[in-house]
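Topology and contacts: notes
Listed below, chain by chain, are the residues.
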Amino acid sequence: MNPAALELQQVTIELGARTLIAGLSLIVEPGQVVTLMGESGVGKSSLLAWMCGTMPEAFRASGRVLHGATDLSLLPPEDRRLGILFQDDLLFPHLSVGQNLAFALPAALRSRAERRTKVEGALDEAGLSGYADRDPATLSGGQRARVAVMRVLLSEPRALLLDEPFSKLDHATRQRFRQFVFDHLREARLPTLLVTHDPEDALAAAGMTLELPSVGSPQVH
Amino acid sequence: MLRLFPPLAVVLLVGPVLAGLAGTLLPAFDYLPVLGHRAAGLQAWTQLLELPGLRTSVWLSLSTGLVTTILSVLLVVLLCAAWHGTRAFAAMEAWLAPLLSVPHVTVALGLAFLISPSGWIMRCLSPWLTGFSQPPDWRIIQDANGLSLMFGLIAKEAPFLLLMTLAALGQADGERGSVVARTFGYRPMIGWLKAVFPRVYPQIRLPVLAVLAYGVSVVDVAMVLAPTTPAPLAVRVVKMANDSDLNLRFIASAGAMLQCALVLGGVLFWWMLERTVRWWGNRWITTGWRGGRESIPRWIASVAGATLGLAVIFGLLAMAVWSVATHWRFPAAIPAGLTSANWKLHASGVTDAVWNTLSLAVCTTAFSLILSVGVLEFEAATGRRTALSKVGLLYVPLVLPQVAFLFGAQVLLALSRLDGEWIALAWLHLVFVFPYVFLALADAYRAWDERYRRTGLCLGASPLRVLLRIKLPMLLRPIAAAGAVGFAVSVGQYLPTLFAGAGRFPTLTTEAVALSAGGDLRSVGIYAMLQMALPLAAFALALAAPAWCFRHRRGMHVIR
């Protein structure tokens, strides 16, 4: 996938009478991280779900997501290729570590040997050489998180969406893992949108930070 | 594509019920053009009311249903209040599902083998205690008051309600409610009754009503355990509906309608009972009374529960022994010898029945699973509940008396020359299998973490691939369990097979009921054993297959 910028144009998301996000526009250059900060409930996760094309029907949204010149909002979720990482690693529990990674590899890569090599290469990079046949449930939290990152990267995404992916890790692991993620997304020249309420994340991302206001919500405390 | 599943399920489920009801209703008013009756009239009703012993039949049906339901609910409440949260209770939970998979008739037959005057209990006590060298001339089973019938039904319905209650307890956070009550100084049982039960009952209400309706209109168990002179109403209706004298069918129609009225009356009575208990209970809850010594109710709960459980188990064992017995004269506690000759003698008939039973159960279960997954996927995709899960449509075939619409369905099938066709029979099985499969699967299906789907989609997998490679494999355990439930339900069906099969598809259940009238204990034992073995095998498979598939996946063990 050629590096290109990820762009949001005039994105508005509403839930019933509440406007969660009003006319948000931004551009994320390849290899850069833009951080969206805000209290829980302001629609950060809804925004990411909308970008992926998996937003629940109860919400209404308008606006466009562009990758370079491609309008992603017109595509079905599986063709948008926006890699997403959640708080939980969400490794598929019924597949081995290697199978989890192979699930993400594009089908266009046909040769079994090459697929195997790619998977093993990804594991080497994550410091998990030889873990392909392991049960994900036997890995530590930090190891699982790294596998989840490698899985997203193997799917060759156009951009990366991070939905508070560091918040469930303990302090020491969190710092190392954050560095791991940022190193990889810069190397792959991926435009990245990070959603968080932890100022430390924003600091570490070393990019533009946007504060999402609690707009249009009638029941603000 | 997904959009088609909910309407398809509704049509397949409700269609035969509504059509069947119409087909029952019209002959009740003397309208059945095929037999030359076009004059709408009340003749069938006057003939029905003139049937000898009708009042006794009606009373028997109503009292059976109500007593069974009240005692089953009481027993479940007592057991949960006394033992919920203990290790013994957890051990008992593990026994529930396999016990439930044994068809109603099998349990009833087992009880007959155990408690009848020539049954195993009497044999063990004779002659040293009773002095009998001949079976006494007592009416223990098929007693005039239907006590053995009630006993047989409770042995089957109490475990069912217990399982439903356990599921509800998990959702209502029963364990912590109980703990909170105890910190206020409430004794465990009173605390459970006051703090937990009121939250659990609304969730088991529909299953309770299903038990009530089943008890009022049961046929197969009644043919084994109920008195015969006269029999409960539903049994008489079935006999008239299948009589060679076609004129009796009009009376049968009217009888089926009366059966509906009985269920309605039973439900109404239950509703009033509920209101009374609630009014009284609400006052009781706020009195602050924290209870006293609880050893006696605890003891009652354990003895009653253990008696039922042991009766079922030893009844099944008695049939197993009979199926391989040589000579077994009355007072002897065990047969003179064991032989496989009985099984060889019945081999060909048994093979037929097993094949019919298996093909029906496997096909209807597989189809029900596909239908359930389709409907649940539609619900997941749209975020809306369909009519199926919202308005209790699923409970319609479970609460409505079977005779009321199966008789009409038979009439309609005969008109369209579909009676005795395998597909018609399978459809009627589906009407009863699908609701159980759906109910068994729905909770686990809805609890699946949607973020796995989003992750899969964002990794570039198509929705179909996500469903087949991620979601269904992750849900293999509940899917297999729901399949085992559906399989057991199909194996246990008696009336649908009787009405739609036109005698062409004898199953283990129809054969076992037919043989039970003849008194050849060895052949009854053989059919009953198989009737029990098939659902148990399905349950074992449902446990073993996912466990084996995911033996190296620890993350798949916690998901229920």
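Source: prediction; values computed, not measured. Residue positions are given per chain, counted from 1 along the sequence in the order it is written. By the order in which they are written, chains take letters starting at A while ligands take numbers starting at 1. In keeping with the model being predicted, local features are shown solely for residues with a pLDDT of at least 70 and side-chain atom pairs are shown and tallied solely at 80 or more, while totals for entire chains, interfaces and linings include all residues. With hydrogens and water stripped out, all remaining heavy atoms of the structure feed into the side-chain values.

**Things to note about the overall build of chain A**
Rules: To qualify as a helix, a DSSP run of H or I must reach at least 4 residues; to qualify as a strand, a run of E must reach at least 2; elements of each kind are numbered from the N terminus. Radius of gyration here uses only the C-alpha atoms, and the compact-globule reference equals 2.2 Å multiplied by the residue count raised to the power 0.38. In this scheme, a residue with accessible area under 20% of its type's maximum is buried, one over 50% is exposed, and one in between is partly exposed, where area comes from a 1.4 Å probe on protein chains only. Residue contacts are defined here by distance: any two heavy atoms, one from each residue, within 4.5 Å place the two residues in contact. Shrake-Rupley sampling with a 1.4 Å probe provides the accessible areas, and residues are treated as covered by the protein chains on show and by no other component. In this tally, Lys and Arg are treated as positive and Asp and Glu as negative; His is ignored, and so are the chain termini. Positions of charges follow a simple convention, taking NZ of Lys, CZ of Arg, CG of Asp or CD of Glu.
Looking only at helices and strands, one finds seven helices and nine strands in chain A. Its C-alpha radius of gyration of 18 Å places chain A within 12% of the 17 Å reference for a compact globule of 221 residues. Over its C-alpha atoms, taken along the principal directions, chain A stretches across nearly 55 × 40 × 30 Å. Looking at chain A residue by residue over its 221 residues, the buried ones come to 54%. Long-range contacts, defined as pairs at least 24 residues apart, comprise 71% of the intrachain contacts of chain A with a sequence gap of at least 6. When the accessible surface of chain A is totalled, it reaches about 9800 Å², and 50% of it is carbon and sulfur. In chain A, the 22 positive side-chain charges and the 26 negative ones have mean positions that sit 3 Å from each other.

**A few points about the domain arrangement of chain B**
All names here are of chain B. To keep things clear, this is the line we draw: For each domain, the first and last residues come from an automatic or database assignment. Here the quantity called buried area is the accessible surface, traced with a 1.4 Å probe, that two parts lose on coming together, added over both. In what follows, salt bridge is the name for a side-chain nitrogen of Lys or Arg lying within 4 Å of a carboxyl oxygen of Asp or Glu. Each residue gets one of three labels, nonpolar for Ala, Val, Leu, Ile, Met, Phe, Trp, Tyr, Cys and Pro, charged for Asp, Glu, Lys and Arg, and polar for the others, Gly among them.
Here chain B is partitioned into domain 1 (1–20 + 340–560) and domain 2 (42–114 + 133–309). Distance between the C-alpha centres of domain 1 and domain 2: 24 Å. Residue-level contacts link 30 residues of domain 1 with 32 residues of domain 2. Of the roughly 2500 Å² buried between domain 1 and domain 2 on both sides combined, carbon and sulfur atoms contribute 78%. At the junction of domain 1 with domain 2, the criterion picks out zero salt bridges. Elements represented by at least two residues in the side of domain 1 that touches domain 2 include exactly α17 (396–399), α18 (402–415), α19 (422–447), α22 (476–492), α23 (495–501), α24 (508–516) and α25 (521–549). Considering every element that reaches the side of domain 1 that touches domain 2, the biggest residue donor is α25, with nine residues. Looking at the side of domain 1 that touches domain 2 residue by residue, the classes come out as 23 nonpolar, six polar and one charged.

**Here we look at the side chain of E379 of chain B**
Residues and elements named next belong to chain B. Tracing the backbone shows E379 in helix α15 (residues 347–382). Taking relative accessible area as the criterion, E379 reaches 6% and is therefore assigned buried. Apart from residues no more than four positions distant in its own chain, E379 is found in contact with R384, R385, T386, S389 and R446.

**What about a negative patch on the surface?**
Residues and elements named next belong to chain A. Put simply, the rule reads: Any residue with relative accessible area above 30% and no salt bridge may belong to a patch, with like charges joined within 9 Å and the nonpolar Val, Leu, Ile, Met, Phe, Trp and Tyr side chains within 5 Å.
Together, D124, E125, D183 and E187 make up a negatively charged patch on the protein surface. Secondary-structure elements contributing two or more residues to the negative patch are α4 (112–125) and α6 (171–187). Relative to the helices and strands, E125 is located in helix α4.

**Observations regarding the confidence of the model for chain A**
The cut-off we apply is this: pLDDT: the predictor's confidence for each residue, scored from 0 to 100.
Confidence in the prediction for chain A averages 89 pLDDT; 96% of positions are at 70 or higher. Note on residues 216–221 of chain A: pLDDT is under 50 here. Beyond four places in sequence and across chains, it has six contacts.

**Some words on the packing of helix α3 (residues 54–83) of chain B against helix α12 (residues 248–285) of chain B**
All names here are of chain B. Defined as follows: Here an axis means a line fitted to C-alpha atoms, over the contact stretch when the element is a helix, while the angle between two N-to-C directions is reported on a 0 to 180 degree scale. Throughout this description, any angle smaller than 35 degrees is read as roughly parallel, any larger than 145 degrees as roughly antiparallel, any in the 65 to 115 degree range as roughly perpendicular, and the remainder as oblique. By definition, any crossing whose near helix is turned counterclockwise from its far helix by less than a right angle is left-handed, and any crossing with a clockwise turn is right-handed.
Where α3 contacts α12, the two axes come as close as 11 Å, and the packing angle between them is 40 degrees. With respect to each other, α3 and α12 are oriented oblique. For the pair α3 and α12, the crossing hand works out as right-handed. Counted together, L54, V58, S61, L62, L66, T69, I70 and V73 of α3 and L258, L262, G266, F269, W270 and L273 of α12 form the full contact between these two elements. Each residue belonging to the contact of α3 with α12 can be placed in one class, and the counts come to eleven nonpolar, three polar and no charged.

**Remarks on the environment of W192 of chain B**
Residues and elements named next belong to chain B. For W192, the location among the structural elements is in helix α9 (residues 188–217). The exposure class of W192 is buried, given its relative accessible area of 1%. Separated by 115 residues in sequence, W192 and V77 have C-alpha atoms that sit 9.3 Å apart. The contact partners of W192, leaving out residues within four places of it in the chain, are V77, C80, A81, H84, L169, S178 and F197.

**Quick word on the packing of α3 of chain B against helix α13 (residues 295–323) of chain B**
Residues and elements named next belong to chain B. Contact pair α3 / α13: the axes reach a minimum separation of 9 Å and the direction vectors enclose 120 degrees. As far as their axial angle goes, α13 and α3 are oblique. Crossing hand, α3 versus α13: left-handed. Only P297, R298, I300, A301, S302, A304, G305 and L308 of α13 make contact with α3, whose side of the interface consists of L75, L78, L79, A82 and W83. Class assignment of the residues belonging to the contact of α3 with α13 gives a composition of ten nonpolar, two polar and one charged.

**Re the pattern of salt bridges**
Using the criterion set out here, one finds 17 salt bridges over all chains in the structure. Its salt-bridge partner being E164 of chain A, residue K44 of chain A comes within 3.3 Å of it at the nearest N-O pair. Here K44 of chain A is found in helix α1 (residues 44–52), whereas its partner E164 of chain A is found in the loop between β7 (159–163) and α6, with 120 residues between them in sequence. Residues K44 of chain A and E164 of chain A agree in their burial class; the two are buried. In this structure, D198 of chain A engages R174 of chain A in a salt bridge whose closest nitrogen and oxygen atoms are separated by 3.4 Å. With D198 of chain A in the loop between β8 (192–196) and α7 (199–205) and R174 of chain A in helix α6, the pair connects residues that are 24 residues apart, well separated along the chain. Classification of R174 of chain A by relative accessible area gives buried; the value is 16%. In the salt-bridge network here, residues are joined through shared partners; they are D88 and K168 of chain A together with D449 and R451 of chain B.

**Let's talk about the environment of P135 of chain B**
Residues and elements named next belong to chain B. Position of P135 relative to the elements: it lies in the loop between α6 (120–125) and α7 (147–171). A relative accessible area of 35% places P135 in the partly exposed class. If we skip the residues at most four places from it in the chain, P135 touches P117, S118 and F330.

**Digging into the interface of chain A and chain B**
With 32 residues of chain A at the contact, the number on the chain B side is 27 residues. Of the roughly 2600 Å² buried between chain A and chain B on both sides combined, carbon and sulfur atoms contribute 62%. The largest per-residue losses of area from chain A upon contact with chain B belong to E78, H94 and F103 of chain A, which jointly make up 28% of the total buried on that side. One can count one salt bridge joining chain A with chain B. With its nearest N and O atoms 2.7 Å apart, the salt bridge here joins R451 of chain B to D88 of chain A. Its residues assigned to classes, the side of chain A that touches chain B shows 17 nonpolar, eight polar and seven charged.

**Side note on a nonpolar patch on the surface**
Residues and elements named next belong to chain B. On the surface, a cluster of nonpolar side chains totalling about 550 Å² of accessible area is made up of I70, L71, L74, F269, W271 and M272. Breaking the nonpolar patch down by element, the ones donating at least two residues are α3 and α12. Structurally, W271 is set in helix α12.

**Quick look at the domain arrangement of chain A**
Residues and elements named next belong to chain A. Here chain A is partitioned into domain 1 (1–81 + 157–221) and domain 2 (93–154). Each side of the interface is counted separately: domain 1 has ten residues, and domain 2 has eleven residues. Taken together, the two surfaces of domain 1 and domain 2 that pack against each other cover about 810 Å², and 81% of this comes from carbon and sulfur. In this structure, the connection of domain 1 to domain 2 is made through zero salt bridges.

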